[in-house]
Amino acid sequence: MTATQLSPSRALRPTAKVLPEHARGHNRSLVLQTLYRESGQSRADVARETGLTRVTVSDLVAELIAEGLVVETGQREDARPGKPATLLDFDRGAFQIATVDLSDDSVFRGAVLDLGGAILARDEIALAGSTGSEAIAKVLQLVDSLVAAATAPLLGIGVGSPGIVDLEGTVRTAPNLRWTSVDLHGVLAERFEVPVLVANDANAAVFAEHSFGGVDGDIMLIKVGHGVGAGLLVGGRPLFGATSAAGEIGHVVVGTDGGPLCACGNTGCLEAWLAAPRLAARIAAITATGDEADAERTTVLREAGRRLGIILAPVVGALDLSEIVLSGPTELLEGPLATAAIETIRTRTMAEFTGSLTVRMTTQGQDIVLRGAAVMVLSGQLGVS
């Protein structure tokens, strides 16, 4: 298998048959996607679901069985006359995926997952202030450990990195790691000789929410940690932007009334209002006690939520989004902050169109980037998610 980086022109999963010149690879993914989402289907079921002919489905299934990606699970118990149908399933244990989350400012996390997204093994390595080439060495050390922990052939390696990551897997800039034009894809592919996919951590996170969080429509995910970023899926396709910087909302200045000084040198950036360390520090600085302390804490969180809402309102209006997902410390984001964000969005957009808008916490928890990086490999190599 060859490495296939993410593409803004291709949906994460196939939805229909295509023209003959593109047919075989696409239809193969269509069959796999059908079985990936619903097991226990016969060849005839798959043909009806996909719109492909039974001959085409049988041919593709034979190929996928030979590759170990599909298995026959027995015959359907059926009262109808005739030979019982043989049922099929996507074999989630056929391959494994190594994934890495580089978004934390203190530790690099890694995992080995099966093709269904279940985490089979974990490892991590303390960043301990490492930047530049030292940080790259720690990425390699972590992936070495994950590859050794795998108990099945690797389908590929997925990486979620902070900063701006282009479509070739080069980290164009990640200030906290002091990375500039680091070809992380090339470094890992040369070392491990398996397909490698690298993306911004917020993009990886939105892939996880889309595939494992039950999201069917358009979605914007806001990832809050040491920094602030966003991932967008519109029409089932990731939105990267002309320079791969779509979703870099952390250094957009919010309003014209000043605000906290940001690490980038500007005043009032969203990151300065919303980044987890900044919020935690403001709350820790509260000197009041009892109900007064609770009120001050709520004020801090609501102001951060209001600033987030100001940034998101034009995006919601432009894209007609119905759902925004927050990923980060639940104790900071859930409650007053999320409520203030949605109230602000509604007051700054046409209420008749945004009245059903929801802002909620992710269902994926701390593993969201690790699982999203697995989706990148699944989609890139098999066309399923």
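Residues numbered from 1 in each chain as written. Predicted model: local features only at pLDDT ≥ 70, side-chain atom pairs only at ≥ 80, totals over all residues. Heavy atoms only, no water.

The condition that has to hold: UniProt positions are given in the numbering used here, feature names are shortened, and annotations may be inferred rather than shown by experiment.
For the protein chain, an unreviewed UniProt entry supplies the name ROK family transcriptional regulator and the organism Leifsonia stereocauli. Note on the protein chain: under the UniProt heading Sequence similarities (unreviewed entry), the record states "Belongs to the ROK (NagC/XylR) family."

Topic: the overall build of the protein chain
Convention followed: Only DSSP runs of H or I reaching four residues or more are called helices, and only runs of E reaching two or more are called strands; each is numbered from the N terminus. The globule rule used for comparison is 2.2 Å times the number of residues to the exponent 0.38, while the radius of gyration itself is calculated over C-alpha atoms. Exposure classes here rest on a 1.4 Å probe applied to the protein chains alone. A residue is buried below 20% of its type maximum, exposed above 50%, and partly exposed in between.
Scanning the protein chain for helices and strands turns up 13 helices and 16 strands. Its C-alpha atoms give the protein chain a radius of gyration of 23 Å, within 12% of the compact-globule value 21 Å for 385 residues. Projected onto its principal axes, the C-alpha coordinates of the protein chain cover approximately 75 × 50 × 40 Å. Split into buried and exposed, the 385 residues of the protein chain put 52% on the buried side.

Description of the environment of Val325
Defined as follows: It only takes one pair of heavy atoms within 4.5 Å for two residues to be counted as in contact.
By the secondary structure assignment, Val325 is in strand β15 (residues 323-327). Assessed through its relative accessible area of 0%, Val325 is described here as buried. The spacing of Val325 and Leu270 is 55 residues in sequence and 17 Å in space, taken between C-alpha atoms. Ignoring sequence-local partners within four residues, the contact set of Val325 consists of Glu209, Ile219, Met220, Leu221, Ile222, Arg360, Met361 and Thr362.

Details of the packing of helix α4 (residues 132-149) against helix α5 (residues 184-192)
Let me state the cut-off plainly: Note on geometry: axes are C-alpha line fits, over the in-contact stretch for helices, and angles between N-to-C directions span 0 to 180 degrees. Here is the rule for angles: anything less than 35 degrees is roughly parallel, anything more than 145 is roughly antiparallel, 65 through 115 is roughly perpendicular, and the remaining ranges are oblique. We call a crossing left-handed when the near helix sits turned anticlockwise from the far one by less than a right angle, and right-handed when that turn is clockwise. When residues are sorted by character, Ala, Val, Leu, Ile, Met, Phe, Trp, Tyr, Cys and Pro go into the nonpolar class, Asp, Glu, Lys and Arg into the charged class, and all the rest, Gly among them, into the polar class.
The geometry of α4 relative to α5 is characterised by a closest axis approach of 11 Å and an angle of 40° between their N-to-C directions. By the criterion of interaxial angle, the relationship of α4 to α5 is oblique. Here α4 and α5 pass one another in a crossing that is right-handed. Each of Ile136, Val139, Leu140, Val143, Asp144 and Val147 in α4 lies in contact with α5, whose residues at this interface are Val187, Leu188, Arg191 and Phe192. Across the contact of α4 with α5, the residue classes break down as 8 nonpolar, no polar and 2 charged.

Concerning the environment of Gly229
Tracing the backbone through its elements, the reader meets Gly229 in strand β13 (residues 228-234). Along the primary structure Gly229 and Asn266 are separated by 37 residues, whereas in three dimensions their C-alpha atoms are 17 Å apart. The residues touching Gly229, leaving out its near neighbours within four places in the chain, are Ala202, Leu221, Ile222, Lys223, Gly247 and Ile249.

Focus: the layout of surface pockets
The line we're drawing: Cavity: a set of points on a 1 Å grid over the protein atoms alone where a 1.4 Å probe fits but cannot get out. Pocket: an open set with protein on both sides within 12 Å along at least five of seven lines, its lining residues, like those of a cavity, having an atom within 4 Å of a point. Grid points are joined across faces, edges and corners, and a volume is the space filled by probe spheres set on the points.
Space inside the largest pocket adds up to approximately 1100 Å³. Elements with a contribution of two residues or more to the lining of the largest pocket: β5 (107-114), β9 (171-174), α6 (201-212), β12 (219-224), β13, α7 (270-274) and α8 (276-284). Ranked by residues supplied to the lining of the largest pocket, first place goes to α8 with 3 residues. Broken down by class, the residue content of the lining of the largest pocket amounts to 20 nonpolar, 17 polar and 9 charged.

With respect to the pairing of strand β4 (residues 96-101)
As a general feature of sheets, a regular strand has side chains that alternate between the two faces. Selection criterion: Pairs of strands are assigned from DSSP output, requiring at least two bridges between the strands.
Burial analysis of β4 places 6 of its 6 residues in the buried class, which makes it a mostly covered element. Burial of β4 is two-sided: the residues Gln96, Ala98 and Val100 facing one way and the residues Ile97, Thr99 and Asp101 facing the other way are all buried. Two strands pair when backbone bridges link them, and β4 and β5 are joined in this way by 6 bridges, in the antiparallel orientation. If you follow Gln96 over to β5, its bridge partner there is Asp114. Here β4 folds back onto β5 in antiparallel fashion, the turn holding 5 residues. Relative to strand β7 (residues 154-161), β4 runs parallel, the two being bridged by 6 bridges.

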